[in-house]
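Geometric and topological summary
The lines below spell out each chain.
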Amino acid sequence: MNWEKLLSLKRFGDTEQRKRIDQDETRLGFEVDFDRIIFSDSFRSLQDKTQVVPLSKTDFVHTRLTHSLEVSVVARSLGRIVGRHVLEKYPELKEKGYRSNDFGAIVAAAALSHDIGNPPFGHSGEKSIGEFFLSGNGQKFKNELNPKQWQDLIDFEGNANGFKILCETINNIQGGLRLSYATLGAFIKYPKESLPKRPSTNIADKKYGVFQSELHFFKELAEELGLKKTGKNNDVSYVRHPLAYLVEAADDICYTIIDFEDGINLGLISEDYALEYLINLVRDTINTKKYNSLQNTQDRISYLRALAIGNLIQEAARMFVENESAILKGEFQFSLLDKCKYEAQINDIIKISVEKIYQSQEVVEKEIAGYQVIADLLNVFITAVNHKHENCLSNYDNLILMLLPDKYKNTPENLYQRILSICNLVANFSDSYAILLHKKIKGLDLG
């Protein structure tokens, strides 16, 4: 792989090359990507989607929106640090107009959208969609779909749904948000289709990142960026775009530190216990005098959080720079923080977060309710669109179809496409709207 191809400014439908040296510095193409994501409907729905605690009544717990914004800020810093080193190593990129801020803009935009495809109710939302098909009413469609289409459904993946949102052509809007290929490449942490599943230690094989519905464009994108193909025979699998490692690192940093901070502020983790874990990350940089002068828990935690994030940014950037050659060859198989000097401290924090936050009673109870909400919504909408296709609509189906947003009203001929479009619809709901709509469908809220 080579950096000039990886930094492609091309967008869906372009017939002429976009050169970096010709870009308007006041409205750089990579920065346009960020703007398009910010103004999209799907991004707005993140303001009421679970990050840690579903439907929290407090005003300081992060939602997917605030999490995504923070990940983007961290990613921008990582991108700029790495960009400076890449340009020093490959000065020909400077001659073609590339700047270190370009790397920051690409990674910031990709990070901003990294959760855009996630369903309501956190990661349990993904699982509940999958289980609707694996063991719920959706089982009946198995024999009507090919194995890869079926795997997309039973192993529904928010990353693949995010890619669909960013690039799907729908209602004659070509190429979705029409982001630059560089940003789309950096977005895809798992550049492969859902099947085959092969046991692997490579972090890029942990999940999949593209549905069958976007496979053709994905292959075009990968070829344009010069990603190295790893799939055997006709299997679609590539090595990661190098900047995807930075998007992943920014996400890892934020959920490790900031989810932990949320747990402290919610009282799920005691301050004394928490401080012990955070101080292990900042021993080399903490100003003891300043720390001891802080009068309350929130200020002390905020100070340690800022130091910890700063240290992890520098460490992730160091790991990237030291392994840049291996990354460019597609030979680096770990996340940047997996092998860093803070690996043990990070694992300790994640372990306590799982025990005290992610598996807390409040979280578990709301996730259980979310399973039923999502299953019922999928059932009524999929039934209605299939009945429309089969010309056997009931009065109830007609009413359900009236709830569909305009872009979902053109029913696809293909069963897989119909089902996936409804999964995309439900995944785009915010937590509160999913619950409200569920109550109305069940006749529990007539207000």
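Further up the page is the structure itself.
Residues numbered from 1 in each chain as written. Predicted model: local features only at pLDDT ≥ 70, side-chain atom pairs only at ≥ 80, totals over all residues. Heavy atoms only, no water.

The next subject is the overall build of the protein. When its secondary structure is counted, the protein shows 21 helices and zero strands. Along the first, second and third principal axes, the C-alpha atoms of the protein reach 70 × 55 × 45 Å. Looking at the protein as a whole, 54% of its 447 residues are labelled buried. A separation of at least 24 residues holds for 73% of the contacts in the protein among residues at least 6 apart in sequence. When the accessible surface of the protein is split by element, carbon and sulfur atoms take 48% of a total near 20,000 Å². (Helix = DSSP H or I, 4+ residues; strand = E, 2+ residues; numbered from the N terminus. Buried < 20%, exposed > 50% of the residue type's maximum accessible area, 1.4 Å probe, protein only. Contact = heavy atoms within 4.5 Å. Areas by Shrake-Rupley, 256 points an atom, 1.4 Å probe, with all protein chains shown as cover.)

This part is about the packing of aromatic side chains. Here the distance between the centres and the angle between the planes together describe a pair of aromatic rings. According to the stated counting rule, one finds 16 aromatic pairs in the structure shown. Arranged with centres 5.1 Å apart and planes meeting at 75 degrees, the rings of phenylalanine 429 and tyrosine 433 form a pair that is edge-to-face. The lysine or arginine in question, arginine 240, covers the ring of tyrosine 245, its NZ or CZ lying 4.9 Å from the ring centre. (Phe/Tyr/Trp six-rings, centres within 6.5 Å; stacked < 30°, edge-to-face > 60°. Lys NZ or Arg CZ within 6 Å of the ring centre and 35° of its normal.)

Here we come to the state of the cysteines. One pass over the structure, following the stated rule, counts zero disulfides. No disulfide involves cysteine 167; its sulfur sits 17 Å from the nearest other cysteine sulfur, which is in cysteine 423. What makes cysteine 167 buried here is its relative accessible area of 6%. (Disulfide = S-S within 2.5 Å.)

Once that is clear, we can look at helix H15 (residues 297-322). Turn by turn, an α-helix covers 3.6 residues, leaving residues three or four places apart pointing in a common direction. In this model H15 runs 37 Å from its N-terminal to its C-terminal C-alpha over 26 residues, within 8% of the 38 Å that 1.5 Å per residue would give. At the N-terminal end of H15, a side-chain oxygen is found 3.2 Å from the backbone nitrogen of glutamine 298, two or three residues along, and the residue is asparagine 296. (Expected span 1.5 Å × (residues − 1). Polar contact = N/O pair within 3.5 Å; in protein donor to acceptor, adjacent residues only side chain to side chain.)

Summed over all chains, the structure comprises 23 salt bridges. Across the salt bridge formed by arginine 64 and aspartate 115, the nearest N and O atoms sit 2.7 Å from each other. In this pair, arginine 64 sits in helix H4 (residues 64-89) while aspartate 115 sits in the loop between helix H6 (100-112) and helix H7 (123-134), placing the two residues 51 residues apart along the sequence. You can call arginine 64 buried: its relative accessible area is 4%. Notably, a salt bridge pairs lysine 442 with aspartate 376, separated by 3.6 Å at the nearest N-O pair. Pair noted here: lysine 442 is in the segment after helix H21 (431-441) and aspartate 376 is in helix H18 (residues 361-389), with a separation of 66 residues, a long-range link. (Salt bridge = Lys/Arg side-chain N within 4 Å of Asp/Glu carboxyl O.)

By size, the foremost hydrophobic cluster in this structure holds 95 residues, and its most contacted members are Trp3, Phe163, Leu243, Phe260 and Leu336. The next biggest cluster of nonpolar side chains, apart from the first, holds 39 residues, and it includes Phe133, Val373, Leu415 and Leu437. (Core = buried A, V, L, I, M, F, W, Y, C linked by side-chain atoms within 4.5 Å.)

In this section: the environment of isoleucine 346. Here isoleucine 346 is to be found in helix H17 (residues 343-358). Of the residues examined, isoleucine 346 reaches a relative accessible area of 6% and is grouped as buried. Residues isoleucine 346 and phenylalanine 217 lie 129 residues apart in sequence; the distance between their C-alpha atoms is 37 Å. The residues contacting isoleucine 346, other than those within four sequence positions of it, are Thr256, Leu312, Leu337 and Cys340.

Now for the packing of helix H12 (residues 244-265) against H15. It is the contact of H12 with H15, at a shortest axis distance of 10 Å, that shows an interaxial angle of 165 degrees. When the interaxial angle is binned, H12 and H15 end up roughly antiparallel. Crossing hand, H12 versus H15: right-handed. Seen from H12, the contacting residues are Tyr245, Leu246, Ala249, Ile253, Ile257, Ile258, Glu261 and Ile264; seen from H15, they are Thr297, Ile301, Ser302, Arg305, Ala308, Ile309, Leu312, Ile313, Ala316 and Phe320. A class-by-class count of the residues in the contact of H12 with H15 yields 14 nonpolar, two polar and two charged. (Axes fitted to C-alpha atoms, helices over the stretch in contact; angles between N-to-C directions. Parallel < 35°, antiparallel > 145°, perpendicular 65-115°, else oblique. Left-handed = near helix turned anticlockwise from the far one by under 90°. Nonpolar A, V, L, I, M, F, W, Y, C, P; charged D, E, K, R; others polar.)

For any two helices packed against each other, one specifies the inter-axial angle together with the distance between the axes. The N-to-C vectors of H4 and H12 enclose an angle of 130 degrees; their axes lie 8 Å apart at closest approach. Between H4 and H12, the crossing angle belongs to the class labelled oblique. Where H4 crosses over H12, the handedness of that crossing is right-handed. Between H4, through His67, Glu70, Val71, Val74, Ala75, Leu78, Gly79 and Val82, and H12, the contact on the second element is made entirely by Leu246, Ala249, Ala250, Asp251, Ile253, Cys254, Tyr255 and Ile258. Here the residues of the contact of H4 with H12 are counted per class, giving twelve nonpolar, two polar and two charged.

Before going further, it helps to examine the environment of phenylalanine 121. You can see phenylalanine 121 is positioned in the loop between H6 and H7. Accessibility expressed as a relative area gives 2% for phenylalanine 121, which makes it buried. C-alpha separation for the pair phenylalanine 121 and leucine 294, spaced 173 residues apart in sequence, amounts to 36 Å.

Note that serine 128 resides in helix H7. Residue contacts for serine 128: discarding those within four places in its chain leaves Tyr371 and Ile374.

With that settled, the discussion passes to unusual backbone geometry. Leaving glycine aside, a negative phi is the common case for residues, and trans is the common case for peptide bonds. Residue proline 196 is reached from leucine 195 by a cis peptide bond, and omega for that bond is 0 degrees. Turning to its location among the elements, proline 196 is positioned in the loop between helix H10 (181-187) and helix H11 (215-225).

A separate point is the environment of threonine 297. Secondary-structure assignment places threonine 297 in helix H15. By relative accessible area, threonine 297 is classed as partly exposed at 27%. The spacing of threonine 297 and isoleucine 264 is 33 residues in sequence and 9.0 Å in space, taken between C-alpha atoms. Excluding its chain neighbours within four sequence positions, the residues that come into contact with threonine 297 are Ile264 and Glu271.

Moving on, we get to the side chain of serine 353. With respect to the helices, strands and loops of the structure, serine 353 is situated in helix H17. Once residues lying within four places of it in the same chain are set aside, the contact partners of serine 353 are Phe260 and Tyr358.

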